[in-house]
Amino acid sequence: LRGRAIPRIVWLAGVPGTALGVLSALVIAPASALLSMYAGFGSERIMEPLLWVGLLTAGLSFVSGYFVFAASQALLRCERGAGERAERIGASEAMLHLFPALIYCALAGPTSVAGVVALVLWSPGAIHGLCLLSAGRRVTAIQEAMTDEERDALPEPPEVRPTL
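A brief report on the enclosed structure follows. (Residues numbered from 1 in each chain as written. Predicted model: local features only at pLDDT ≥ 70, side-chain atom pairs only at ≥ 80, totals over all residues. Heavy atoms only, no water.)

**Re the overall build of the protein**
No. 1: Summing up its helical and strand segments, the protein has five helices and zero strands in all.
No. 2: The secondary structure elements of the protein, listed N-terminal to C-terminal, are α-α-α-α-α.
No. 3: Here the protein holds 164 residues, and the buried ones make up 43% of them.
No. 4: Surface exposure of the protein reaches about 9400 Å², of which carbon and sulfur atoms provide 69%. (Helix = DSSP H or I, 4+ residues; strand = E, 2+ residues; numbered from the N terminus. Buried < 20%, exposed > 50% of the residue type's maximum accessible area, 1.4 Å probe, protein only. Areas by Shrake-Rupley, 256 points an atom, 1.4 Å probe, with all protein chains shown as cover.)

Encoded structure:
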């Protein structure tokens with residue numbers, strides 16, 4: 001087997017992705033909920049949809065943090081099928097972070113406190129999602145170019161077994 005260097009985009013998506021996955025679940029999800037409550041209790045009726053968008057995003061961020069962490073770890077270990085998984089998770093992550101920020105900016109205004117905080121809060125996740133998507137495509141191309149022997153030597157994804 002010949003050794004190959006890990007592409008920079010995989011490092012750029014994988015290493016921060018492990019931290020971002022944990023931060024998304026433990027920090028960004030609660031911050032999204034707090035931002036939603038701040039924006040949603042305004043006197044304008046346009047702020048009420050922001051409450052629901054933020055609370056939905058907070059719940060999805062809590063769940064997606066696990067998937068971002070797992071996809072980033074799979075990329076760094078170059079597991080079989082890690083590229084396809086990272087592409088799906090990266091596209092989902094980018095949309096999960098892009099749409100709420102755009103909705104906040106459209107409804108509250110990009111220069112309002114809620115709009116600026118939404119951009120600051122969700123832009124890094126959108127950028128990381130695009131990096132994860134790009135890294136997934138790169139790993140998919142690398143794994144498709146491998147010989148059968150090299151592909152057989154790739155580590156399998158770990159089995160997840162429920163424990164009590």
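**A look at the packing of helix α3 (residues 82-108) against helix α4 (residues 113-145)**
No. 1: Where α3 contacts α4, the two axes come as close as 7 Å, and the packing angle between them is 160 degrees. Viewed along their axes, α3 and α4 adopt a mutual orientation that is roughly antiparallel. Here the hand of the crossing between α3 and α4 comes out left-handed.
No. 2: Taken together, the residues that form the contact of α3 with α4 break down as 20 nonpolar, 10 polar and four charged. (Axes fitted to C-alpha atoms, helices over the stretch in contact; angles between N-to-C directions. Parallel < 35°, antiparallel > 145°, perpendicular 65-115°, else oblique. Left-handed = near helix turned anticlockwise from the far one by under 90°. Nonpolar A, V, L, I, M, F, W, Y, C, P; charged D, E, K, R; others polar.)

**Brief notes about the pattern of salt bridges**
No. 1: Across all of its chains, the model carries four salt bridges by this definition.
No. 2: Residue E79 pairs with R85 through a salt bridge whose shortest N-O separation is 3.6 Å.
No. 3: Linking R151 and D148 is a salt bridge whose minimum nitrogen-to-oxygen distance equals 3.1 Å. In this pair, R151 and D148 are both assigned in helix α5 (residues 148-152), three residues apart and thus about one turn of the helix distant.
No. 4: A relative accessible area of 25% means that R151 is categorised as partly exposed.
No. 5: On the basis of relative accessible area, D148 is assigned to the exposed category, the value being 52%.
No. 6: Members of the salt-bridge network, linked through shared partners, are R77, E79 and R85. (Salt bridge = Lys/Arg side-chain N within 4 Å of Asp/Glu carboxyl O.)

**Description of the packing of aromatic side chains**
No. 1: Applying the stated rule across the entire model yields one aromatic pair.
No. 2: Their ring planes at 70 degrees and their centres at 5.4 Å tell us that Y66 and F67 sit as a pair that is edge-to-face.
No. 3: With relative accessibility at 49%, the residue Y66 sits in the partly exposed group.
No. 4: Judged by relative accessible area, F67 falls into the partly exposed class, the value being 41%. (Phe/Tyr/Trp six-rings, centres within 6.5 Å; stacked < 30°, edge-to-face > 60°.)

**What about the nonpolar core?**
No. 1: V10, A13, L75, I89, L132 and A135 are the most contacted members of the largest nonpolar core, which totals 13 residues.
No. 2: Those elements that place two or more of their residues in this core are α1 (8-40), α2 (47-77), α3 and α4.
No. 3: Listed in part, the 11 residues of the second largest apolar core include V53, Y104, A108 and A118. (Core = buried A, V, L, I, M, F, W, Y, C linked by side-chain atoms within 4.5 Å.)

**Let's talk about the environment of V139**
No. 1: Within the fold, V139 resides in helix α4.
No. 2: With a relative accessible area of 5%, V139 lands in the buried category.
No. 3: Each C-alpha atom, one on V139 and one on L76, is 9.9 Å from the other, the two residues being 63 residues apart in sequence.
No. 4: Dropping the residues within four chain positions of it, V139 is found in contact with V10, L75 and G83. (Contact = heavy atoms within 4.5 Å.)

**Quick look at α4**
No. 1: Between its terminal C-alpha atoms α4 stretches 49 Å, which fits the 48 Å expected from 33 residues at 1.5 Å a residue.
No. 2: Between the side-chain oxygen at the start of α4 and the backbone nitrogen of G115 there is a gap of 3.1 Å, and the oxygen is on S112. (Expected span 1.5 Å × (residues − 1). Polar contact = N/O pair within 3.5 Å; in protein donor to acceptor, adjacent residues only side chain to side chain.)

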